[in-house]
Amino acid sequence: MKIAVCVKQVPDATAARRIAPATKRLDRSGESALNAFDTNAVEEALRLKEAHGGEVVVLSLGPERALDALRKALAMGADRAVLVSDEAAAGSDLVATSYVLAKAIEREGADLVLFGQQSSDSDGAVLWAAVAERLGAPLISQVAELTVAGGVATGKRQTEYGYDVIEVPLPAVIAVSDAINEPRYPSLKGIMSAKSKPQATVSLAELGVEAGRAGEAGSRTEVLALAPPPSRGDTIKIEDDGGAAQKLLDYLVEKRLL
């Protein structure tokens with residue numbers, strides 16, 4: 001069984017987030033890391049491989065420096081990494097990114113495609129649905145328990161009323177929640193072996209992505225302007241000296257809010 005795990009390089013959790021005024025996109029020039037939610041998907045892929053055999057390949061779309069993030073997945077135990085890197089892909093939104101990733105997955109011929117539940121930079125939590133739609137593959141999201149047997153994937157996910165248990169035939173797309181497992185830490189041996197594992201970089205042309213289907217040209221969202229949030233106006237700070245509750249009540253009455 002070949003398992004493809006789609007991962008993303010995101011700004012480090014400790015880095016300040018800012019929008020670059022020139023591009024109106026997230027500034028990604030600082031420290032970066034493998035998206036934490038994606039480590040759950042990598043871990044689940046490795047557990048399935050240990051149970052059933054096969055291959056785990058991590059896929060991503062990003063600049064060449066994104067290979068650094070992919071190497072963590074290799075150090076965890078993934079077999080190969082494939083990075084789609086092309087200047088023409090810069091600025092790809094959900095629509096363009098899902099198209100490029102679907103092309104990469106088709107090229108790999110994966111039996112199972114895993115995603116983390118969301119990325120920590122945009123928190124969209126919809127890319128996996130867009131990729132599944134483009135592949136024409138069944139999808140289970142927010143999976144907290146996953147089993148694969150007899151060409152069928154079974155996902156269990158929590159709802160406000162209990163649990164859903166959903167079965168889908170392979171090939172399928174599965175988005176796992178961060179409750180599904182505890183990702184392993186890369187061992188020293190894994191870190192060293194990651195350097196020698198296959199790490200391919202492919203262009204849009206190699207995937208057969210047509211001009212205008214990626215990058216800003218292939219995107220369907222556009223940021224028109226950036227501005228700081230509006231002022232909240234005058235504020236009143238009430239110190240709790242024993243009469244704070246009465247002061248708050250008097251203020252609400254004065255504003256006719258009570």
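Above this text you will find the structure in question.
Residue positions are counted from 1 within each chain, in the order its sequence is given. Local features in this predicted model are restricted to residues whose pLDDT is 70 or higher, and side-chain atom pairs enter the listing and the counts only when it is 80 or higher, whereas totals over whole chains, interfaces and linings include all residues. Side-chain metrics rest on all non-hydrogen atoms present in the structure, leaving aside hydrogens and water.

K.L.:
Would you take a moment to explain the pairing of strand β1 (residues 2-6) for this structure?
P.N.:
On a regular strand, one side chain projects to one face of the sheet and the next to the other, so that they alternate. The buried label applies to any residue whose accessible area, calculated with a 1.4 Å probe on protein chains only, is under 20% of its type's maximum; exposed applies above 50%, and partly exposed to all values in between. We count a stretch as a helix when DSSP gives it H or I for four or more residues in a row; a strand needs E for two or more, and each element gets its number in order from the N terminus. Counting buried positions along β1 yields 4 of 5 residues, so the element is predominantly enclosed. Strands were regarded as paired on the criterion that DSSP finds at least two bridges between them. Summarising the sheet, β1 and strand β6 (residues 55-61) pair through 5 bridges and their orientation is parallel. Along β6, the bridge assignment pairs Ala 4 with Val 57. Inspection of the sheet shows β1 paired to strand β8 (residues 112-116) by 4 bridges, in the parallel sense. Of the residues in β8, the one forming a bridge with Val 5 is Leu 114.

K.L.:
Mind showing me how you'd approach a nonpolar patch on the surface here?
P.N.:
A cluster of nonpolar side chains, contributed by Ile 236, Ile 238, Leu 248 and Tyr 251, occupies part of the molecular surface with about 350 Å² of accessible area. You can call Tyr 251 partly exposed: its relative accessible area is 30%. Each patch is built from residues that are more than 30% exposed by relative accessible area and take part in no salt bridge. Like charges join if they lie within 9 Å; nonpolar side chains (Val, Leu, Ile, Met, Phe, Trp, Tyr) join within 5 Å. To be clear on the numbers: accessible area is Shrake-Rupley with a 1.4 Å probe, and residue cover counts the displayed protein chains and nothing else. We define a salt bridge as a contact between a side-chain nitrogen of Lys or Arg and a carboxyl oxygen of Asp or Glu at a distance within 4 Å.

K.L.:
Would you take a moment to explain the packing of aromatic side chains for this structure?
P.N.:
Working definition: an aromatic ring pair is given by the centre-to-centre distance plus the angle between the planes. Here a pair means two rings of Phe, Tyr or Trp (six-membered ring of Trp) with centres within 6.5 Å. Their orientation is stacked below 30 degrees between planes, edge-to-face above 60, and tilted elsewhere. All told, the structure shown has 0 aromatic pairs when counted by the stated rule. In our convention, an over-ring charge means Lys NZ or Arg CZ found within 6 Å of a ring centre and within 35 degrees of that ring's normal. Over the face of the ring belonging to Tyr 163 we find Lys 156, whose NZ or CZ atom lies 4.4 Å from the ring centre. For the cation-ring pair, Arg 213 lies above Tyr 99, with the distance from its terminal atom to the ring centre recorded as 3.8 Å.

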